Amino acid sequence: MERIWGGRRLEALYGKQLPAGVRIGESWEIVDRPEAQSVVREGSWRGRTLHEIWQKNRREIFGEIAPSERFPLLIKILDAEEKLSLQVHPPEESAEELGGETKTEFWYIAQAKPGAEIFVGLKKNRTRSRIEEAIERGDVEEHLHRVTVASGDAMFLPSGRVHGIGAGNVIIEVQQNSDTTYRVFDWNRTDENGAPRQLHVEQALRSIDFQDHEPGLVRPAGESLVRHDLFEVEKWNLPAPREIAPRGTFAVVACLSGKMECASMTFTAGDVFLVPADLGERKVRPLEKETSLLRVMMPNESTSRS
């Protein structure tokens, strides 16, 4: 996905083939959207879309999972060569009123240049009225909580948390299947025609959680980074073969470093793949030292609140 704030590091770091001469900000790795689809690359199901499989082979591939129209997660890799806009994704009640989609997400900082930072939540004692005044003045960034990050850090972002990604970050993003974003401020950038980029101030003010002050980075509990009703994310170092998930349960795997094998296929850093619930050979095997991964799973139907 071409983005005004993107760069070329997805090619440099992960060997992804990018179109020449454009700034690529996002790689949608696992996606079931009307405007974009993951497609099976190899095997007897080659050419089938994720949406087709979700509709026709749900139990077989995804196990016992709460029903929904589309596969409920979207997995991306982001390359922020420049700062992203300061933005917010609406909570469910606001999304319904505004005609958008709610979105809760999780960031894993895969690479960070020295001094890279993220904007998350508000500074203490910032109220709605102060934020409205700051937006009018054009200095709202001074009222957001800034966190310096390093490779391996992580942040959970519930819907309603105002946020932005600073320059120099490459991030693996796990999120609800949504593409609704309300921009609060975009650093006075202009598009290719010299026009200011569109803001969504009214919608944003109806979506921001004004009680969300100075959230901290994720504090891992062993391998667990986040455990939520929507998704669960673990970070594994992989010195030896290990079953990725119990039979009958699917998992999404993002290779962070090194090289690994699963079901006779080889994956390297930057590769993201889905292990079906009915797959017989479920072990991931390291092929290099210092191999690591993120494992993304969803609560099954019996534990989901939806």
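About the cut-offs
Residues numbered from 1 in each chain as written. Predicted model: local features only at pLDDT ≥ 70, side-chain atom pairs only at ≥ 80, totals over all residues. Heavy atoms only, no water. Helix = DSSP H or I, 4+ residues; strand = E, 2+ residues; numbered from the N terminus. Rg over C-alpha atoms; globule rule 2.2 N^0.38 Å. Buried < 20%, exposed > 50% of the residue type's maximum accessible area, 1.4 Å probe, protein only. Contact = heavy atoms within 4.5 Å. Areas by Shrake-Rupley, 256 points an atom, 1.4 Å probe, with all protein chains shown as cover. Lys, Arg positive; Asp, Glu negative; His and termini not counted. Charge placed at Lys NZ, Arg CZ, Asp CG, Glu CD. Pairing = 2+ DSSP bridges. Arc of directions from axis to C-beta. Phe/Tyr/Trp six-rings, centres within 6.5 Å; stacked < 30°, edge-to-face > 60°. Core = buried A, V, L, I, M, F, W, Y, C linked by side-chain atoms within 4.5 Å. Salt bridge = Lys/Arg side-chain N within 4 Å of Asp/Glu carboxyl O.

Draft legend 1. Structural view of the overall build of the chain. When helices and strands are tallied, the chain shows six helices and 22 strands. Taking 19 Å as the expected radius of gyration for a compact globule of 306 residues, we find that the chain reaches 20 Å, a close match to that expectation. Projected onto the principal axes, the alpha-carbon positions of the chain cover approximately 60 × 40 × 40 Å. Within the chain, the fraction of its 306 residues that count as buried is 51%. For the chain, contacts bridging at least 24 residues in sequence account for 72% of all contacts bridging at least 6. Accessible surface computed for the chain: about 14600 Å², of which carbon and sulfur atoms make up 45%. With 41 positive and 49 negative side-chain charges, the chain shows a spacing of 4 Å between the two charge centroids.

Draft legend 2. Fine view of the sheet that holds strand S16 (residues 242-243). Taken together, four strands build an open sheet; the order of strands is S16-S21-S18-S19 and the sheet is antiparallel. Edge positions in the sheet fall to S16 and strand S19 (265-268), since each has one partner strand and no second. Note that strand S18 (residues 259-262) and S19 share four bridges and pair antiparallel. Looking at S19, one finds that Lys 259 is bridged to Thr 268.

Draft legend 3. View of helix H5 (residues 128-137). Turning to H5, its buried residues number three or more, namely Ile 131, Ala 134 and Ile 135. End-on view of H5: buried residues confined to an arc of 100 degrees, all on one side of the axis. Facing away from the buried side of H5 by over 90 degrees, the exposed positions are Glu 136 and Arg 137. Those residues of H5 hidden inside the fold are in contact with strand S8 (117-122), strand S13 (182-185) and helix H6 (201-205). Looking one or two residues beyond H5, the residue adopting positive phi is Gly 138, at roughly 85 degrees.

Draft legend 4. View of the packing of aromatic side chains. A full pass over the atoms with the stated rule returns nine aromatic pairs. With a centroid separation of 5.0 Å and an interplanar angle of 70 degrees, the aromatic rings of Trp 54 and Phe 62 are classed as edge-to-face. For the pair shown, Trp 54 and Phe 62 are each scored as buried. Pairing Phe 62 with Phe 71 gives two aromatic rings, centres 5.4 Å apart and planes at 35 degrees, and the pair type is tilted. Each member of the pair, Phe 62 as well as Phe 71, carries the same accessibility label: buried. A network of ring pairs unites the aromatic residues Trp 54, Phe 62, Phe 71 and Phe 250 as a single cluster.

Draft legend 5. A look at the pairing of S8. The element S8 is largely enclosed, with a buried count of six among its six residues. In this sheet, strand S9 (residues 144-148) lies alongside S8 in antiparallel orientation, the contact comprising four bridges. Note that in S9 the partner of Ile 118 across the bridge is Val 147. Pairing between S8 and strand S11 (residues 163-165): three bridges, direction antiparallel. Counterpart to Val 120 in the pairing with S11 is His 163.

Draft legend 6. Looking closely at the nonpolar core. Within the largest apolar cluster, 37 residues are counted, with the highest numbers of intra-cluster contacts made by Phe 62, Phe 106 and Val 233. Excluding residues that lie within four positions of it along the chain, Phe 106 makes contacts with Ala 154, Met 155, Ile 172, Glu 173, Val 174, Val 218, Leu 225, Val 226, Phe 231 and Val 233. Counting 18 residues, the second largest nonpolar core, distinct from the first, contains Tyr 182, Trp 187, Ala 204 and Ile 208.

Draft legend 7. Examining the side chain of Ser 178 more closely. Looking at the secondary structure, you find Ser 178 in the loop between strand S12 (169-176) and S13. Leave out the neighbours within four places in its chain, and Ser 178 touches Arg 33, Leu 74, Glu 101, Thr 102 and Lys 103.

Draft legend 8. Just the pattern of salt bridges, in detail. Under the counting rule described, the total for this entry stands at 28 salt bridges. Note that Arg 59 and Glu 64 form a salt bridge whose closest N and O atoms lie 3.1 Å from each other. With a shortest N-O distance of 3.2 Å, Glu 234 and Arg 295 are connected by a salt bridge. Here Arg 295 lies in strand S22 (residues 292-297) and Glu 234 lies in strand S15 (residues 232-237), a separation of 61 residues in the sequence. Members of the salt-bridge network, linked through shared partners, are Arg 23, Glu 82, Asp 186, Arg 189 and Arg 197.

Draft legend 9. Geometry of the environment of Ile 109. Tracing the chain through its elements places Ile 109 in strand S7 (residues 105-112). Sequence separation between Ile 109 and Met 260 is 151 residues, and the spatial gap between their C-alpha atoms is 20 Å.

Draft legend 10. Quick look at the pairing of strand S2 (residues 26-30). Of all five residues making up S2, five are buried, and the element is well covered by its neighbours. Pairing of S2 with strand S5 (residues 73-80) involves four bridges; the strand directions are antiparallel. The partner of Trp 28 across the bridge, within S5, is Lys 76.

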